[in-house]
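Observations on chain architecture
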Amino acid sequence: MGSTKNLDRRLNEHNEGLVTSTRPYRPWKVVAYEAYNSEADAREREQRLKAHGNASREFKKRAKYSLLENGAGYTLVEMLVTIAIFSLAFIAISSIFIGTTTAQNNARANVAVLNESQLVFEQIAREIRSHTIDTDPTTCNCPDVNFICLKDLSGQTTFIRHNAVNLNAELSHSTSCSGASWSVLNDPSIRIDSLVFYPNDDPTEQPFTSIQMTATNNANVARQRTLLFQTMISTRYYAPRNIQ
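Here we summarise the structure given alongside this text. Source: prediction; values computed, not measured.

On to the sheet that holds strand E1 (residues 132–133), then. Across the sheet, which stays open at both edges, the five strands sit in the order E1-E2-E3-E4-E5 with antiparallel pairing between neighbours. The open sheet is flanked by E1 and strand E5 (183–184), the only strands paired with a single partner. As defined by bridge partners, E1 adjoins strand E2 (residues 147–151) across two bridges and the pair is classed as antiparallel. For Thr-132, the partnering residue across the bridge sits in E2 and is Lys-151.

Here it is, written out as structure tokens:
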């Protein structure tokens with residue numbers, strides 16, 4: 001963009017490499033021009049176009065079809081800058097979208113674990129409250145802390161355990177831990193990573209059981225958390241005992 005008294009001569013000078021600043025960008029074409037009777041007006045117009053972005057954009061807008069036909073309108077630097085800006089904007093928007101989606105998926109997964117774990121606790125609590133804690137080694141032949149043995153008023157035995165292979169909380173109404181038929185207490189959408197019972201059978205206190213459980217969502221969610229749950233459940237019935 002410039003001003004001259006002889007347009008053809010000035011164009012030839014640019015294309016012949018006589019102007020150092022424009023030599024690397026040959027060949028040059030005339031896309032649009034403005035003519036003035038006064039050289040002062042032409043110089044002032046040139047400075048305005050070079051110094052003020054609005055004036056330059058307005059000129060390009062008026063000559064838009066000429067610019068398109070000649071492949072002009074943006075310099076290489078302008079195109080590279082534009083592409084870089086759009087690329088950075090796309091990366092930033094994509095990162096925000098992916099981060100938001102991941103956070104939402106993690107939140108949904110954690111809420112699902114919380115809800116399903118509460119249901120597991122409710123089932124276990126219902127069994128413990130309606131039974132006595134059985135610590136008799138002759139009937140409670142499940143010494144591991146991953147089991148708890150319960151007995152109702154009629155003598156029926158109930159076992160609750162953690163299946164470390166299938167990662168389930170399981171219940172069985174049977175006379176023995178071994179060979180029992182087990183029912184899964186948790187929903188398949190979550191896995192029970194650990195389930196530990198700590199029965200308190202102190203004859204001077206009301207029997208209760210402390211339970212500690214960790215659970216995780218089975219969904220393939222990035223950076224999902226394993227949630228820890230703890231509770232204490234009292235037993236309504238006391239097991240018969242002889243106190244000296």
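In this section: the packing of aromatic side chains. A complete count under the given rule lists two aromatic pairs for this structure. A ring pair is formed by Phe-121 and Phe-229, whose centres lie 6.3 Å apart and whose planes are at 85°; its orientation type is edge-to-face. One end of the pair, Phe-121, is in helix H5 (residues 76–129); the other, Phe-229, is in strand E8 (residues 227–234), with 108 residues separating them in the sequence. Here the guanidinium or amino end of Arg-161 rests over the ring plane of Trp-182, the centre of that ring lying 4.0 Å away.

Attention now goes to the sheet that holds strand E7 (residues 208–217). Within the open sheet, the three strands sit side by side as E6-E7-E8. Their pairing is antiparallel. In this open sheet, the two edge strands, each paired with only one partner strand, are strand E6 (190–200) and E8. Each strand of the sheet is rotated relative to its neighbour by a mean of 15°, with strand direction disregarded.

Before going further, it helps to examine unusual backbone geometry. Phi at Leu-167 takes a positive value of approximately 60°, unusual for a residue other than glycine. Along the chain, the position of Leu-167 falls in the loop between strand E3 (157–163) and strand E4 (168–173). Exposure remark for Leu-167: the relative accessible area of 24% places this residue in the partly exposed category.

Structurally, Gln-123 can be placed in helix H5. On the basis of relative accessibility, which here comes to 23%, the residue Gln-123 falls in the partly exposed class. A polar side-chain atom of Gln-123 sits 2.9 Å from the main-chain carbonyl oxygen of Leu-185.

With that settled, consider the pattern of salt bridges. Scanning the model with the defined rule gives six salt bridges in all. The residue Glu-170 makes a salt bridge to Arg-161 at a minimum N-O spacing of 2.7 Å. For the residue pair Glu-170 and Arg-161, the accessibility class agrees, reading buried in each case. Salt bridges linked by common partners bring Lys-5, Glu-39 and Arg-43 together as one network.

Core analysis: the largest hydrophobic core is formed by 23 residues, its most contacted members being Ile-124, Ile-160, Leu-195 and Ile-211. If you list the elements that add at least two residues to this core, you get H5, E2, E4, E6, E7 and E8. Judged by nonpolar contacts, the second largest core, of seven residues, contains Phe-147, Phe-159, Cys-177 and Ala-180.

Scoring rules and cut-offs
Residues numbered from 1 in each chain as written. Predicted model: local features only at pLDDT ≥ 70, side-chain atom pairs only at ≥ 80, totals over all residues. Heavy atoms only, no water. Pairing = 2+ DSSP bridges. Helix = DSSP H or I, 4+ residues; strand = E, 2+ residues; numbered from the N terminus. Phe/Tyr/Trp six-rings, centres within 6.5 Å; stacked < 30°, edge-to-face > 60°. Lys NZ or Arg CZ within 6 Å of the ring centre and 35° of its normal. Axes fitted to C-alpha atoms, helices over the stretch in contact; angles between N-to-C directions. Buried < 20%, exposed > 50% of the residue type's maximum accessible area, 1.4 Å probe, protein only. Polar contact = N/O pair within 3.5 Å; in protein donor to acceptor, adjacent residues only side chain to side chain. Salt bridge = Lys/Arg side-chain N within 4 Å of Asp/Glu carboxyl O. Core = buried A, V, L, I, M, F, W, Y, C linked by side-chain atoms within 4.5 Å.

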